[in-house]
Amino acid sequence: MIAETLYTGFGAWNPIVWLVAFAVAILLAWFIQRLGEPDIPGDGESGKSYISGNDEPSPEDGHIGGSNLYWGFTDAMKGYYARVVPLHTGCLTDYVLWFLGTFALLFIFIGVL
Amino acid sequence: MMDFIMANAPALLIAVPMLGAFALPLVGRLGDTPRNGWILAVTLITAIIAALLAWTVLTGGPVLYTFGAASSSDAIPADSGGIPIRIIFTVDAMSAFMALFAAFVGFITCLYSVASERLSSGKDGYYALMLLLLVGILGMVTTGDLFNFFVFLEINSLAGAALVAYRIDKGVSVEAALKYGFLSTLAGLMVLYAIGLLYGQYDSLNMAVIASRMSYTMLDKVALALLIAGLALKAGAVPLHFWTPDAYSMAPAAVTAFLVVASQAGLYGLFRVLFSVYGLTLNYVTVGWAVIILGVLSMVVGVTMAIPQKDVKRLMAYHAVSQSGYMLLGVGVGLVVLGDAAAMDAFGRTAMEGGIFHIVNHAMYKGLLFLTAGAIFLQTGTRNLNKMGGLGHSMKWTMLFFIIGALAIAGIPPFNGFASKLMIYESVFAFSPVIAVIAMVVSILTLASFVKVFHAIFMGPQQPKYADVIEVPRPMLVAMGALALLTILMGIFPEQIVSTVIAPAANALIDQSAYVATVFGGV
C-alpha cells in the first residue's frame, strides 16, 4: 500500500486509498438508494417528463447547444475577450511579428536585465 | 541478434522508421492489408527498440552512440584535438523517457489511422509522413549534436506541415499547414542561427562540448534568446501559439494526437538547451522567470480562449496550449532554483518532476481526447459543438474514453493528470502561492470547459439527424482504449512512474556535469 503513495514534499497522494474510499461511498449511496421507493413504471402517463405542464420539446429543441453554456462567464469577461480574441487574426504576417516581438523581449530580459 | 539490437538501439530507433517510410510506396502497391501490416510492424518494432533503449539507460546509465566510429562509445578521436567530429547520440534518462512515449504514441496513432483513414486516398504518403514525423521526434530527443538536432527539427516540422494539409478540405487545411510550416521554418532558422553563433565561438556542434566551454558571452545570450523563442514556438507556448488552433483542428485526428508529441519534442529541446547546454553558467533566475512567465501566459490564455470555442478540435487545441503551460511552469521553477541546493531539494526537484510527468500524461490524455474528437467527426461529419448532441446513445465507448480523457486533463483523481498537477501545485505553492492559485484556477476552468464539451456532444435526447450514427471501427476503439488504460494506470500507480522514469529524467536535466561526462568519458 505504501509503495503506491506519491510524496510531493509537502503531502502525499495514495490513489489506492482514494479508490477504496470511493468504492465505499458508492456502496453507501447504493444502500441509501435501495431504502427509497422503487422507480415509477416507464410507460403510461406517469413515465412522461413533466416540464411545468408544457409539452415535451422535440429532440432538436430539447438539447442546449455548446454556445449557450457559460454565456455568463464570457459576458463577465467580455473586456478581456475584446482584447485577446482580436489578437488571433489568422494572418501569418501578424504571427511573424509576434515571434519577432517575443524574441526582442526575451533578449532584453536575458541579455540586459 | 539481440546483442546487435541492444548495441545499436539509438541508430535503429531512427533507421527502422526511416527505412519503413522509404519502403512504403513499394509496400503500398501490394494493397491495403500489406500496407497496414507494414506500418503497424514498423511502429511496433520502433516502440520495442525504444523500450529496450529506455531499459538499458534506466538500468545502466546514459548510452553514447557515435556514428561511423569503430566503437559506438568512441566519441572523441585521438587526433581531433579533443573535439568529437562525428554525430553522437547521447541518450540519458530524459531522452529515453521522451523516446519511449513518442514511439508508443506513434504506434497508437498509426493503429487508429488504419481505421480512420481507410477510405482516404494517398495513404502511402500519409503513412510515410507519419513515420518521418516519428523519425524527426525521435531524432530530436536522442541526438547530442546541435546541428543534427536542427535537421531532425526540420524533418519534424516539414512532415507535420504536410500531414496537416493531408485532407485538402476546400483549402482550409492547406492554409493551416502553410501557417504551421512557415512559422516552424522561421523557428528552425532562428535555431540554426543560434547554433551558428555557438559553433563560431566553441568550434563544436556537440552539446556536451559546448556545455563544457560555455562562458555565457553576449553572443551566447543572443543565441539563448533565439533558441528559447524558436523552441517555444515549436512547443506552442503563448504568445507563439497562434499556429496551434489552425493546425491541430484541421489535421486528421491521429495526426493531431501525434503533433502534440511533436510539440513536446520542442519543449524537450528547450529544456535540454537550458539545463544541459547552458546549465549553471546562465542567469538561471532571470531565464527561469522567463520560462515561468511563458508558462503562466500559456495556461491562462490557453484555457480562457478554449472556453468560447465552438469547434471541438480548436477548443482542444487551446487546451493543449494551456497544458503546455504547466510543463513550462514546473520546469521553470526548477530552473529558477537550479543554483540553490536547499530550494532545489525542498521544492525545485518536485516541480521539475511534476512538469516532466505532465509531459507524458498530457501526451496520453490529450492524444486520447483528440482521437475521440476524430471519432466523432468521422461519424457525424462536423466538429461544431452547436450541431452535436445525444451521441452518448450511439457512441458509448467513445463517450467513456472522452470522460476518462476529460477528467484526466482537468486534474480529477485518480487519473494521471491529477498526480502531475498535484506535484506542480504543491511545489509551486512553496515557490509562489499566487502562481499555484492561478494553476488551480486554470484547472477548474479546464473542467468547466470539458463539462460543456461533454454536454454538447453526448448529452441530451438522441438527435434524428444522427439516428444512423454507430460506434467507430474496432482498431480506433483499441487505440483509444490503450491510451485510456494508460491514463488510468499512470494515475493509480504514479509513484512507480515517478520513481522509475520521471525522477531519473529530472536528475538527467539537473546534473549537467553527468551529461558532459557521458561524452568525455567515452575518450
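Residues numbered from 1 in each chain as written. Chains lettered and ligands numbered in written order. Predicted model: local features only at pLDDT ≥ 70, side-chain atom pairs only at ≥ 80, totals over all residues. Heavy atoms only, no water.

**Digging into the overall build of chain A**
The cut-off we apply is this: The secondary structure listing takes helices from DSSP runs of H or I that are at least 4 residues long and strands from runs of E that are at least 2 residues long, numbered from the N terminus. For every accessible area listed, the method is Shrake-Rupley and the probe measures 1.4 Å; residues are considered covered only by the protein chains on display.
Along the backbone of chain A there are 5 helices and 2 strands. Counting from the amino terminus, chain A carries its helices and strands in the arrangement β-β-α-α-α-α-α. In the structure as shown, chain A presents an accessible area of about 8,200 Å², 67% of it carried by carbon and sulfur atoms.

**Details of the pattern of salt bridges**
Residue and element names in this part refer to chain B. Short version of the rule: Salt bridges are counted wherever a side-chain nitrogen of Lys or Arg sits within 4 Å of a carboxyl oxygen of Asp or Glu. Note on exposure labels: buried denotes an accessible area under 20% of the residue type's maximum, exposed denotes more than 50%, and partly exposed covers the range between, all computed with a 1.4 Å probe on protein chains only.
Overall, the coordinates contain 10 salt bridges over all chains when judged by the stated rule. Asp124 serves as the salt-bridge partner of Arg35, at 2.6 Å between the closest nitrogen and oxygen. Highlighted residues: Arg35 in helix H3 (residues 32–60) and Asp124 in helix H5 (residues 123–142), separated in sequence by 89 residues. Of the charged contacts in the structure, one is a salt bridge between Asp246 and Arg314, with a shortest N-O distance of 2.8 Å. In this pair, Asp246 is assigned in helix H10 (residues 243–250) and Arg314 in helix H13 (residues 312–336), connecting sequence segments 68 residues apart. You can call Arg314 partly exposed: its relative accessible area is 24%. Taken together, the salt bridges that share partners define one network made up of Asp32, Arg35, Lys123 and Asp124.

**Focus on the packing of helix H15 (residues 396–409) of chain B against helix H17 (residues 433–458) of chain B**
Residue and element names in this part refer to chain B. The condition that has to hold: Convention adopted: a line fitted to C-alpha atoms gives each axis, helices being fitted over their contacting stretch, and angles between N-to-C directions are expressed from 0 to 180 degrees. Angle categories are assigned with fixed cut-offs, so that under 35 degrees is roughly parallel, over 145 is roughly antiparallel, 65 to 115 is roughly perpendicular, and the rest are oblique. By the convention used here, residues are in contact when the closest approach between their heavy atoms is within 4.5 Å. Gly falls in the polar group here, along with every residue not listed as nonpolar (Ala, Val, Leu, Ile, Met, Phe, Trp, Tyr, Cys, Pro) or charged (Asp, Glu, Lys, Arg).
For the pair H15 and H17, interaxial distance at closest approach is 9 Å and the crossing angle is 170°. Here H15 is positioned roughly antiparallel relative to H17, judged by the angle of their axes. Note on element contacts: H17 touches H15 through Thr446, Phe450, Val453, Phe454 and Phe458, opposite Thr398, Met399, Phe402, Ile403, Ala406 and Ile409. Of the residues belonging to the contact of H15 with H17, the class tally is 9 nonpolar, 2 polar and no charged.

**A few points about the nonpolar core**
Generally speaking, a soluble globular protein has its nonpolar side chains buried in company with each other. Test applied: The term nonpolar core refers to a set of buried residues drawn from Ala, Val, Leu, Ile, Met, Phe, Trp, Tyr and Cys, joined through side-chain atoms within 4.5 Å. The split into domains, and so the bounds of each, comes from an automatic or database assignment of domains.
One finds Phe97, Phe101, Leu224, Leu274, Tyr278 and Leu329 of chain B to be the most contacted residues of the largest nonpolar core, which totals 232 residues. Both domains that meet at this core, namely domain 1 (1–280) and domain 2 (283–492) of chain B, each give it at least three residues. Once you skip the residues sitting within four places of it in the chain, Leu224 of chain B turns out to touch Ile110 of chain A together with Tyr216, Val273, Leu274, Tyr278, Leu282 and Val287 of chain B.

**Re helix H7 (residues 172–202) of chain B**
An α-helix turns once per 3.6 residues; consequently, residues spaced three or four apart project the same way. Short version of the rule: By this rule the span expected of a helix is its residue count minus one, scaled by 1.5 Å.
Across its 31 residues, H7 of chain B extends 45 Å between first and last C-alpha, which sits within 8% of the 45 Å expected from 1.5 Å per residue. Looking one or two places after H7 of chain B, you find Asp203 of chain B, whose phi comes out positive at around 60°.

**Comments concerning the packing of aromatic side chains**
The cut-off we apply is this: Under the pairing criterion, centres of Phe, Tyr and Trp rings, with the six-membered ring standing for Trp, must be within 6.5 Å; the plane angle then separates stacked pairs below 30 degrees from edge-to-face pairs above 60, leaving the rest tilted. In this scheme, the term charge over a ring applies when either NZ of a lysine or CZ of an arginine sits within 6 Å of the ring centre and within 35 degrees of the ring normal.
Evaluation of the coordinates by the stated rule reveals 25 aromatic pairs over all chains. Consider the rings of Tyr95 of chain A and Phe242 of chain B, whose centres lie 4.6 Å apart with planes at 10°: the pair is stacked. Within this pair, whereas Tyr95 of chain A is found in helix H5 (residues 92–112), its partner Phe242 of chain B is found in the loop between helix H9 (218–235) and H10, the two belonging to separate chains. Grouping residues by exposure puts Tyr95 of chain A and Phe242 of chain B together as buried. Taking 6.4 Å as the distance between ring centres and 25° as the angle between the ring planes, the aromatic pair formed by Phe103 of chain A and Phe107 of chain A counts as stacked. You can see Phe103 of chain A and its partner Phe107 of chain A sitting in helix H5, 4 residues apart, about one turn around the helix. Looking at Phe107 of chain A, the relative accessible area reads 25%, which means it is partly exposed. Taken together, the ring pairs in this structure connect Trp13, Trp18 and Phe22 of chain A together with Phe418 of chain B into an aromatic cluster. Positioned above the aromatic ring of Phe377 of chain B, the side-chain terminus of Arg383 of chain B is 5.3 Å from the ring centre.

**A look at the interface of chain A and chain B**
For clarity, the cut-off: Throughout, the accessible surface (probe 1.4 Å) given up by two parts as they are put together, summed over both, is called the buried area. Polar contacts, as counted here, are pairs of nitrogen or oxygen atoms within 3.5 Å of one another; within protein the pair requires one atom able to donate a hydrogen and one able to accept it, and residues that are adjacent in sequence qualify only if both atoms are side-chain atoms.
At the junction of the two partners, chain A supplies 45 residues and chain B supplies 72 residues. Of all residues in chain A, the largest losses of buried area upon contact with chain B belong to His63, Phe99 and Ile110 of chain A, amounting jointly to 15% of the total for that side. At the boundary of chain A with chain B, the tally comes to 0 salt bridges. Along the contact surface separating chain A from chain B lie 7 residue pairs in polar contact (both at pLDDT 80 or more). Secondary structure elements with two or more residues in the side of chain A that touches chain B: strand S1 (6–7), helix H1 (15–35), helix H2 (59–62), helix H3 (71–76), helix H4 (78–84) and H5 of chain A. When residues in the side of chain A that touches chain B are grouped by element, the largest group, 12 residues, is from H5 of chain A.

**Points about the environment of Leu58 of chain B**
Residue and element names in this part refer to chain B. Mapping Leu58 onto the fold places it in helix H3. Through-space distance from the C-alpha of Leu58 to that of Pro504 is 7.6 Å; in sequence the pair is 446 residues apart. Excluding its chain neighbours within four sequence positions, the residues that come into contact with Leu58 are Ala93, Thr500, Val501 and Pro504.

**As for the layout of surface pockets**
Condition: Detection works on a 1 Å grid of protein atoms alone, calling trapped sets that fit a 1.4 Å probe cavities and calling open sets with protein on both sides within 12 Å along at least five of seven lines pockets, with lining residues defined by an atom within 4 Å of a point. Grid points are joined across faces, edges and corners, and a volume is the space filled by probe spheres set on the points.
Approximately 280 Å³ is the volume found for the largest pocket. Leu100, Phe101, Val360, Leu486 and Met490 of chain B are the residues nearest the centre of the largest pocket, which is lined by 13 residues in total. Among the secondary structure elements, those contributing two or more residues to the lining of the largest pocket are helix H4 (93–116), helix H14 (341–380), helix H18 (474–492) and helix H19 (494–510) of chain B. Looking at the lining of the largest pocket, you find at least three residues from each of domain 1 (1–280) and domain 2 (283–492) of chain B. Its boundaries defined by the atoms lining it, the second largest pocket holds a volume of some 210 Å³. If you trace the second largest pocket, you find it lined by Trp98, Thr102, Leu105, Leu106 and Phe109 of chain A together with Pro239, Ala290, Ile293, Leu294 and Leu297 of chain B.

**Notes on empty space enclosed by the protein**
Regions of empty space are outlined by a rolling probe, equal in size to a water molecule, passed over the atoms. All names here are of chain B. Going through the model one piece at a time under the given rule, you end up with 1 cavity of 30 Å³ or more. When its volume is computed, the largest cavity comes out at roughly 60 Å³. Along the walls of the largest cavity sit Tyr112, Ser116, Glu117, Arg167, Ala253, Gly374, Ala375, Phe377, Leu378 and Met476, which together make up its complete lining. Tallying contributions element by element places H14 first for the lining of the largest cavity, with 4 residues. Residue composition of the lining of the largest cavity, by class: 6 nonpolar, 2 polar and 2 charged. Two domains each provide a minimum of three residues to the lining of the largest cavity, namely domain 1 (1–280) and domain 2 (283–492).

**Quick look at the domain arrangement of chain B**
Residue and element names in this part refer to chain B. Each assigned domain of chain B is listed here: domain 1 (1–280) and domain 2 (283–492). Each of domain 1 and domain 2 has a C-alpha centre, and these two points are 23 Å apart. Taken residue by residue, the interface counts 45 residues in domain 1 and 47 residues in domain 2. For the domain 1 and domain 2 pair, buried surface summed over both sides reaches about 3,800 Å², with 80% attributable to carbon and sulfur atoms. Looking only at domain 1, the three residues that lose the most surface to domain 2 are Tyr112, Val238 and Phe275, adding up to 17% of its buried area. In this structure, the connection of domain 1 to domain 2 is made through 1 salt bridge. Counting across the domain 1 and domain 2 interface gives 9 residue pairs in polar contact (both at pLDDT 80 or more). Of all the secondary-structure elements, those providing two or more residues to the side of domain 1 that touches domain 2 are H4, H9, H10 and helix H11 (253–278). In terms of residue count, the dominant contributor to the side of domain 1 that touches domain 2 is H11 (12 residues).

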